[in-house]
Amino acid sequence: MNPATIATVNALVEIGLFAFKSIRAVQNGDKTPEEIRAEWAVISARLDDAWAAWDAAGDKAGEQK
């Protein structure tokens, strides 16, 4: 499997886990919505990196967008 595909799938799984863990943390009072928003920046950056790798892999393979 293409490394860019793996990175993208991992990023999407990480987003899902982040969502479930965030909901649980807020419901339990372990974190505030503001703390979750601050953590989202890191997760979002990973997804942006994965999409960039995906696009680069497509360009290298000669695929059109």
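In case you missed it, the structure is sitting above this.
Residues numbered from 1 in each chain as written. Predicted model: local features only at pLDDT ≥ 70, side-chain atom pairs only at ≥ 80, totals over all residues. Heavy atoms only, no water.

S.K.: Please explain the overall build of the protein chain as it appears in this structure.
M.R.: Within the protein chain, the regular secondary structure consists of two helices and zero strands. Within the protein chain, buried positions represent 18% of all 65 residues. Taking contacts inside the protein chain between residues at least 6 apart in sequence as the whole, the part at least 24 apart equals 63%. Working note: accessible area of the protein chain is about 4,900 Å², and carbon and sulfur atoms make up 60% of it. (Helix = DSSP H or I, 4+ residues; strand = E, 2+ residues; numbered from the N terminus. Buried < 20%, exposed > 50% of the residue type's maximum accessible area, 1.4 Å probe, protein only. Contact = heavy atoms within 4.5 Å. Areas by Shrake-Rupley, 256 points an atom, 1.4 Å probe, with all protein chains shown as cover.)

S.K.: Please clarify how helix H1 (residues 3-28) should be interpreted in this entry.
M.R.: Quick reminder: α-helices carry 3.6 residues per turn. Residues three or four places apart thus point the same way. Helix length check: H1, at 26 residues, gives a terminal C-alpha distance of 37 Å against a target of 38 Å (1.5 Å per residue), a fit within 8%. Residues of H1 that are buried: Ala4, Thr8, Ala11, Phe18, Ser22 and Ala25. (Expected span 1.5 Å × (residues − 1).)

S.K.: Whenever I open this one, the pattern of salt bridges confuses me. Can you help?
M.R.: Between side chains of opposite charge, a pair can form when the charged atoms approach closely. Within this structure, the stated rule accounts for three salt bridges. For Glu14, the salt bridge is made with Arg46, and the minimal N-O distance between the two is 2.0 Å. Within this pair, whereas Glu14 is found in helix H1, its partner Arg46 is found in helix H2 (residues 33-60), the two being separated by 32 residues in sequence. Look at Arg46 and you get partly exposed, because its relative accessible area is 42%. (Salt bridge = Lys/Arg side-chain N within 4 Å of Asp/Glu carboxyl O.)

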